[in-house]
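Per-entry structural report
So you can see what is in the structure, the chains are spelled out below.
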Amino acid sequence: QEPGIQVPSLDVAKHMPNGYSEMDNEPLLAIAEMGNHSARVEVLKRHIMAVDECDYREATKTFDKIAKKSREGIRRQILPYQIGIAGALVSAVGS
């Protein structure tokens, strides 16, 4: 090993988290704050666990219900934007 170069030990490599659900809270929050969607999902699941006082499996079910509900009516909500984009394209082609 060259002086000044740090490499992980076998023990560190074996204990590396394989997913967000295996990470400690602090690094997970830091990644979530950077805008990572998967990390934000994991933070929300842990928040559900704390508030509802339930296990991870139940929190995941609750999260899935919340996610499904949040997508209801999405087509109706984005329709004005789609109409605007279509109108802009028609105007661009027509001019």
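My aim in this report is to walk through the structure given alongside it, one point at a time. Predicted model only: the values in this text are computed from it and were never measured. In every chain, residue numbers begin from 1 and rise along the written sequence. With pLDDT at 70 or above as the cut-off, local features in this predicted model cover only qualifying residues; side-chain atom pairs require 80 or more to be listed or tallied, and sums for whole chains, interfaces and linings still use all residues. Water and hydrogen atoms were dropped before computing side-chain values, which therefore reflect all heavy atoms in the structure.

Let us look at the nonpolar core. By convention a nonpolar core is built from buried Ala, Val, Leu, Ile, Met, Phe, Trp, Tyr and Cys residues, the set being connected through side-chain atoms within 4.5 Å. Exposure classes here rest on a 1.4 Å probe applied to the protein chains alone. A residue is buried below 20% of its type maximum, exposed above 50%, and partly exposed in between. With five residues, the main nonpolar core is built from Val41, Ile48, Ala59, Phe63 and Ala67. Mapped by element, the contributors of at least two residues to this core are α3 (37-52) and α4 (56-70). Note on contacts: a residue pair qualifies if any of its non-hydrogen atoms lie within 4.5 Å across the two residues. Not counting chain neighbours up to four residues away, the residues in contact with Ala59 comprise Lys45, Ile48, Met49 and Cys54. Strands are runs of DSSP state E lasting at least 2 residues, helices are runs of H or I lasting at least 4, and numbering of each runs from the N terminus.

Relative to the helices and strands, Glu42 resides in helix α3. Here a polar contact is recorded for every N or O atom pair within 3.5 Å, except that within protein the pair must consist of a potential hydrogen donor and a potential acceptor, and residues adjacent in sequence are included only if both atoms are side-chain atoms. Separated by 2.7 Å, the side chains of Glu42 and Tyr56 make a polar contact. The residues contacting Glu42, other than those within four sequence positions of it, are Tyr20, Ser21, Leu28 and Tyr56.

Looking at where Arg57 falls in the secondary structure, it is placed in helix α4. Residue classification places Arg57 among the exposed residues on the basis of a relative accessible area of 64%. For the pair Arg57 and Ala30, spaced 27 residues apart in the sequence, the C-alpha separation amounts to 24 Å.

Quick look at a negative patch on the surface now. Patch membership requires over 30% relative accessible area and the absence of a salt bridge. Like charges are linked within 9 Å, and nonpolar side chains (Val, Leu, Ile, Met, Phe, Trp, Tyr) within 5 Å. Surface accessibility follows the Shrake-Rupley procedure with a 1.4 Å probe radius. Residue values consider only the protein chains on display as shielding. We define a salt bridge as a side-chain nitrogen of Lys or Arg found within 4 Å of a carboxyl oxygen belonging to Asp or Glu. Asp and Glu are treated as the negative residues and Lys and Arg as the positive ones, with His and the ends of the chain left uncounted. Here the site of a charge means atom NZ of a Lys, CZ of an Arg, CG of an Asp or CD of a Glu. Taken together, the side chains of Asp52, Glu53, Asp55 and Glu58 define an acidic patch exposed on the protein surface. Here Glu53 shows up in the loop between α3 and α4.

Looking now at the packing of helix α2 (residues 25-33) against α3. Axis definition: a line fitted to C-alpha atoms, limited for helices to the stretch in contact. Angles are taken between N-to-C directions and run from 0 to 180 degrees. α3 packs onto α2 with a crossing angle of 130 degrees between their chain directions and a minimal axis gap of 8 Å. As judged from the angle between their axes, α2 and α3 are oblique. In this structure, α2 meets α3 at a crossing whose hand is left-handed. Of the residues in α3, those in contact with Asn25, Leu28, Leu29, Ile31, Ala32 and Glu33 of α2 are Ala39, Arg40, Glu42, Val43 and Arg46. Under the convention adopted here, Pro, Cys and the residues Ala, Val, Leu, Ile, Met, Phe, Trp and Tyr are nonpolar, Asp, Glu, Lys and Arg are charged, and Gly plus all remaining residues are polar. Taken together, the residues of the contact of α2 with α3 break down into six nonpolar, one polar and four charged. Any angle that falls under 35 degrees is termed roughly parallel, while one over 145 is termed roughly antiparallel, one within 65 to 115 roughly perpendicular, and all others oblique. Two helices crossing with the near one rotated counterclockwise from the far one by less than a right angle form a left-handed crossing, whereas a clockwise rotation gives a right-handed crossing.

In this structure the tally under the stated criterion is two salt bridges. Two residues, Arg46 and Glu42, come together in a salt bridge whose shortest N-O distance is 3.0 Å. Placement of both Arg46 and Glu42 in helix α3 is noted, with a separation of four residues, approximately one turn of the helix. Considered together, Arg46 and Glu42 belong to a single accessibility category, that of buried residues.

Another aspect to go through is unusual backbone geometry. At Glu53, a position not held by glycine, the phi torsion is positive, near 50 degrees. Using a relative accessible area of 73% as the deciding quantity, one classes Glu53 as exposed.

Our focus in this paragraph is the packing of α3 against α4. Helix packing for two helices is described by the angle between their axes and how far apart those axes are. For the pair α3 and α4, interaxial distance at closest approach is 9 Å and the crossing angle is 115 degrees. By the criterion of interaxial angle, the relationship of α3 to α4 is roughly perpendicular. Relative to α4, α3 is oriented so that their crossing is right-handed. Two secondary-structure elements touch here, α3 through Val41, Glu42, Leu44, Lys45, Ile48, Met49 and Asp52 and α4 through Tyr56, Ala59, Thr60, Thr62, Phe63 and Ile66.

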